Amino acid sequence: MTDGSGTRNGAIEGPEGYDTCSTPIMAPFVGELLDAVDLGPGATVLDLACGTGFAARAAAALVGPTGRVHGADHDAGMIRVARDRHPRLYPDIEFTVAPADHLPYDTATFDAVVCQQGAQFFPDLDTGLAEAARVTRPEGRFAATVWAPVDRQPYFLAQQRAVHEYGGPDALRHFARAFAVTAEQLTTGLRTAGYTGTAHREVTFGITLPPLDTYAHAHLAALWGGLIRQAGGDDALSRAAALVREQLAEHLADDGTATLPFTAVLVTATRLSTPRVPGDL
């Protein structure tokens, strides 16, 4: 049963659950993402497809009181949580409900545009990157992370098998989308959109997850709880979580935590200083 706060059987679902459960996995990559765009005091930054605002919150600390930070995401629930949870110690972060392919910002507004694990969810990748280029000032920076293939990531692979077993085709399609964009697609799209100097590299962290007895269930519930229950009934989520723990048993420490490698691809580019002329390479 779900209460009014989005809690069902002790697991927080929806955007609140996503923010809580994704923090251990997402947080280590934020520093690499923001380092890539070389933020300093006074910079203007857009966190594109910002989710609950992991990158925006960290960017605010870097740009200081003279900077400006915006976050845009198409999901109103994510934006609600982003607004609720960002600190008020730095310039107020302006979070806006907006899809990546239709941004409500003036041309050449931002010194940097960052996107952490969001390009996979653009309504259209090329149009989203064109909008990112439009709102980036000439010689401004762009950086994005996307996940490396799932078969190289033990935790995600365990999740994939559990979702396949208990979530049905709808949940599996949602899962697959998180791995649907490659570095090559991003770099090609960025060049077409009007960026130059595109580059990409892999970033790997060994991340210690909370005890899997509770974390595996909570994370599945936050992301696909409704779809898993719809496909397999009320106990399907518990069975899916048990399968995740079973597959990762060899990685478990005595306290139930698990330290696992997570790999993202960091893609960077610089906005052209002059508009691209049709026919230019």
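Here, the structure is the one placed above.
A few points on the structure. From a predicted model like this one, the values you see are computed outputs, not experimental measurements. (Residues numbered from 1 in each chain as written. Predicted model: local features only at pLDDT ≥ 70, side-chain atom pairs only at ≥ 80, totals over all residues. Heavy atoms only, no water.)

Quick word on the packing of aromatic side chains
Then, in step 1: Inspection of every chain in the model, using the stated rule, returns 13 aromatic pairs.
Then, in step 2: Here Tyr-155 and Tyr-215 contribute two aromatic rings whose centre-to-centre distance is 6.1 Å and whose plane-to-plane angle is 35°, an arrangement assigned as tilted. On the criterion of sequence distance, the pair formed by Tyr-155 in helix H5 (residues 154–166) and Tyr-215 in helix H8 (residues 212–232) is long-range, its members being 60 residues apart.
Then, in step 3: A relative accessible area of 0% places Tyr-155 in the buried class.
Then, in step 4: Between Tyr-155 and Phe-262, the aromatic rings sit 5.9 Å apart at their centres with planes inclined by 50°, giving tilted as the arrangement. Taken as a pair, Tyr-155 in helix H5 and Phe-262 in strand E9 (residues 258–271) lie far apart in primary sequence, 107 residues in all. (Phe/Tyr/Trp six-rings, centres within 6.5 Å; stacked < 30°, edge-to-face > 60°. Helix = DSSP H or I, 4+ residues; strand = E, 2+ residues; numbered from the N terminus. Buried < 20%, exposed > 50% of the residue type's maximum accessible area, 1.4 Å probe, protein only.)

Comments concerning the sheet that holds strand E5 (residues 94–97)
Then, in step 1: If you walk across this open sheet you meet the seven strands as E5-E4-E3-E6-E7-E9-E8, and the pairing is mixed. Strands with a single pairing partner mark the edges of an open sheet, and in this sheet they are E5 and strand E8 (195–209). Direction aside, the axes of adjacent strands within the sheet are offset by 20° on average.
Then, in step 2: Bridge analysis of strand E6 (residues 110–116) against strand E7 (residues 136–147) gives six bridges, and the strand direction is parallel. Its bridge partner lying in E7, Cys-115 is registered against Ala-144. (Pairing = 2+ DSSP bridges. Axes fitted to C-alpha atoms, helices over the stretch in contact; angles between N-to-C directions.)

Quick look at the pattern of salt bridges
Then, in step 1: Tallied over the full model, the rule gives ten salt bridges.
Then, in step 2: The salt bridge partner of Glu-202 is Arg-152, with a shortest N-O separation of 2.7 Å. Pair noted here: Glu-202 is in strand E8 and Arg-152 is in the loop between E7 and H5, with a separation of 50 residues, a long-range link.
Then, in step 3: Residue classification places Glu-202 among the partly exposed residues on the basis of a relative accessible area of 42%.
Then, in step 4: The partly exposed category is assigned to Arg-152, whose relative accessible area is 41%.
Then, in step 5: Here Asp-170 makes a salt bridge to Arg-173, at a shortest N to O gap of 2.2 Å. (Salt bridge = Lys/Arg side-chain N within 4 Å of Asp/Glu carboxyl O.)

Without other data, these values stay purely geometric and don't point to any function.
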